[in-house]
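What follows is each chain in one-letter form.
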Amino acid sequence: MNVPMIEIENKNFDYKKMANQVVNDSRYLECSMKFSDFNCSAFDNSEIINCEIDESDFSKTKFEKCIIKNTKGFSSNLNKSIITECTLSSFNVKDGNFNETQLINSKISNSSLRGTTIQNSKLENLLFENCDMKKCNFNNSLISKCKFVNCDLFMSKFMSANLYMVNFEKCNLFLTSFSKATISETLFNNKNTIEDVVKN
């Protein structure tokens, strides 16, 4: 039995304190949620579409089977969040904080994560496709069974990260650092020669 979506449209939640929310089967459409506090919340089978969530706090929040699309989230905080079976597309989260986050069984496409930190995180079975990921920081993260396809990872850092069964396909890895990283069963098929990649 399909549960109909609860439609939340054209609402303003800027600067609101909305921590510890439980959100099920809801669609936020063209809402403004800037500088708001949603930490320690749970979003299940919900959608955030054409919204603005700049500098909002979603730390320690669980997203399961959710869609985030055509949404701006400059400098948003998703520290220690858990994101599973989600689809993120045209999501601009430049300079965001994904540190100590779990990203599992999800897809991120046509999005900007430029300057975002994803340190000390667990990334498993992810597809990053057509993403601007310049100067991202994946230091000390566990990255397994992930694919980066046509992504710009210029000057990004994977220092001391653990990469297992990762595939970089048609990516820009110019001046990307893999210093002290543990790399196994990982494929590089990119626009650059291996000499362009800073490994040590």
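Draft legend 1. Molecular detail of the nonpolar core. Within the largest apolar cluster, 47 residues are counted, with the highest numbers of intra-cluster contacts made by Tyr28, Phe138, Phe148, Phe158 and Phe168. Those residues within four positions of Phe158 in sequence are excluded, and the remaining contacts are Phe138, Asn139, Ile143, Phe148, Leu153, Leu163, Phe168, Thr176, Ser177, Phe178, Ser179 and Ala181.

Draft legend 2. Representation of the side chain of Ser106 in the model. Here Ser106 shows up in the loop between β10 (102-104) and β11 (107-109). For Ser106, a relative accessible area of 8% translates into the label buried. At 2.9 Å, the side chain of Ser106 and the backbone nitrogen of Cys86 are in polar contact. Of note is the side chain of Ser106, whose polar atom sits 2.9 Å from the backbone oxygen of Ile104. Beyond its immediate stretch of four places on either side in the chain, Ser106 contacts Ile83, Thr84, Glu85, Cys86, Asn125, Leu126 and Leu127.

Draft legend 3. The sheet that holds strand β8 (residues 82-84), seen in detail. Across the sheet, which stays open at both edges, the nine strands sit in the order β2-β4-β6-β8-β10-β12-β14-β16-β18 with parallel pairing between neighbours. What marks the edges here is a single partner per strand, and that holds for β2 (22-24) and β18 (182-184). Direction aside, the axes of adjacent strands within the sheet are offset by 5° on average. Where strand β4 (residues 42-44) and strand β6 (residues 62-64) come together, three bridges link them in parallel fashion. Residue pairing for β6: Asp44 is matched across the bridge by Glu64.

Draft legend 4. Examining the packing of aromatic side chains more closely. Enumeration over the complete set of coordinates arrives at 19 aromatic pairs. Measuring from centroid to centroid gives 5.1 Å for Phe43 and Phe63, while their planes differ by 15°, and the two rings are stacked. With a gap of 20 residues between them, Phe43 in strand β4 and Phe63 in strand β6 connect regions that are remote in the sequence. By the burial criterion, Phe43 is buried, and Phe63 matches it. Ring centres of Phe178 and Phe188 lie 5.7 Å apart, and the angle between their planes is 90°; on these two criteria the pair is classed as edge-to-face. Of this pair, Phe178 sits in the loop between β17 (167-169) and β18 while Phe188 sits in strand β19 (residues 187-189), placing them 10 residues apart in sequence. Assessed through its relative accessible area of 33%, Phe188 is described here as partly exposed. Of the aromatic side chains, those joined through ring pairs into one cluster are Phe128, Phe138, Phe148, Phe158, Phe168, Phe178 and Phe188.

Draft legend 5. Here's a closer look at the sheet that holds strand β5 (residues 47-49). If you trace the 10 strands from one edge of the open sheet to the other, you get β1-β3-β5-β7-β9-β11-β13-β15-β17-β19, paired in parallel fashion. Single-partner strands in this sheet number two, and they are β1 (6-9) and β19. Sheet twist, expressed as the mean angle between neighbouring strand axes with direction ignored, is 15°. The pairing of strand β13 (residues 127-129) with strand β15 (residues 147-149) spans three bridges and is classified as parallel. Opposite Leu127, over in β15, you have Lys147 as the bridge partner.

Draft legend 6. Looking closely at the environment of Cys66. Residue placement: Cys66 occurs in the loop between β6 and β7 (67-72). Overall, Cys66 belongs to the buried group, its relative accessible area being 4%. A C-alpha to C-alpha distance of 19 Å links Cys66 and Lys11, two positions 55 residues apart in sequence. The contact partners of Cys66, leaving out residues within four places of it in the chain, are Phe43, Asp44, Asn45, Ser46, Glu85, Cys86 and Thr87.

Draft legend 7. Layout of unusual backbone geometry. Of note, the phi angle at Lys145 is positive, near 55°, even though the residue is not glycine. By secondary structure assignment, the location of Lys145 is in the loop between β14 (142-144) and β15.

Draft legend 8. Local environment of a nonpolar patch on the surface. Where nonpolar side chains cluster on the molecular surface, the patch consists of Met155, Phe174 and Leu175 and spans about 240 Å² of accessible area. With respect to the helices, strands and loops of the structure, Met155 is situated in the loop between β15 and β16 (162-164).

Conventions used here
- Along each chain, residue indices are assigned from 1 in the same order as the chain's sequence is written.
- In view of the model being predicted, local features appear only for residues whose pLDDT reaches at least 70, and side-chain atom pairs are presented and counted only at 80 or more, with totals across whole chains, interfaces and linings using the full set of residues.
- Hydrogens are left out, water is left out, and the side-chain values use all remaining heavy atoms of the structure.
- Working definition of a nonpolar core: buried Ala, Val, Leu, Ile, Met, Phe, Trp, Tyr and Cys residues. They are joined through side-chain atoms within 4.5 Å.
- Burial classes follow relative accessibility: with a 1.4 Å probe on protein chains only, a residue under 20% of its type's maximum area counts as buried, one over 50% as exposed, and anything between as partly exposed.
- Note on contacts: a residue pair is in contact if any heavy atoms of the two residues lie within 4.5 Å.
- Only DSSP runs of H or I reaching four residues or more are called helices, and only runs of E reaching two or more are called strands; each is numbered from the N terminus.
- Under the rule applied, a polar contact is a pair of N or O atoms within 3.5 Å (in protein, one hydrogen donor and one hydrogen acceptor; residues adjacent in sequence only if both atoms are side-chain atoms).
- Each pair of strands is called paired provided DSSP finds at least two bridges between the two strands.
- Helix axes use the C-alpha atoms of the stretch in contact, all axes being lines fitted to C-alpha atoms, and the angles between their N-to-C directions lie in the range 0 to 180 degrees.
- Think of it this way: a Phe, Tyr or Trp ring, Trp meaning its six-membered ring, pairs with another when their centres are within 6.5 Å, and the plane angle makes it stacked under 30 degrees, edge-to-face over 60, tilted otherwise.
- Patches here: salt-bridge-free residues with over 30% relative accessible area, like charges joined within 9 Å, nonpolar side chains (Val, Leu, Ile, Met, Phe, Trp, Tyr) joined within 5 Å.
- Residue-level accessible areas treat just the shown protein chains as cover; the underlying method is Shrake-Rupley with a 1.4 Å probe.
- Each salt bridge in this description consists of a side-chain nitrogen of Lys or Arg and a carboxyl oxygen of Asp or Glu lying within 4 Å of one another.

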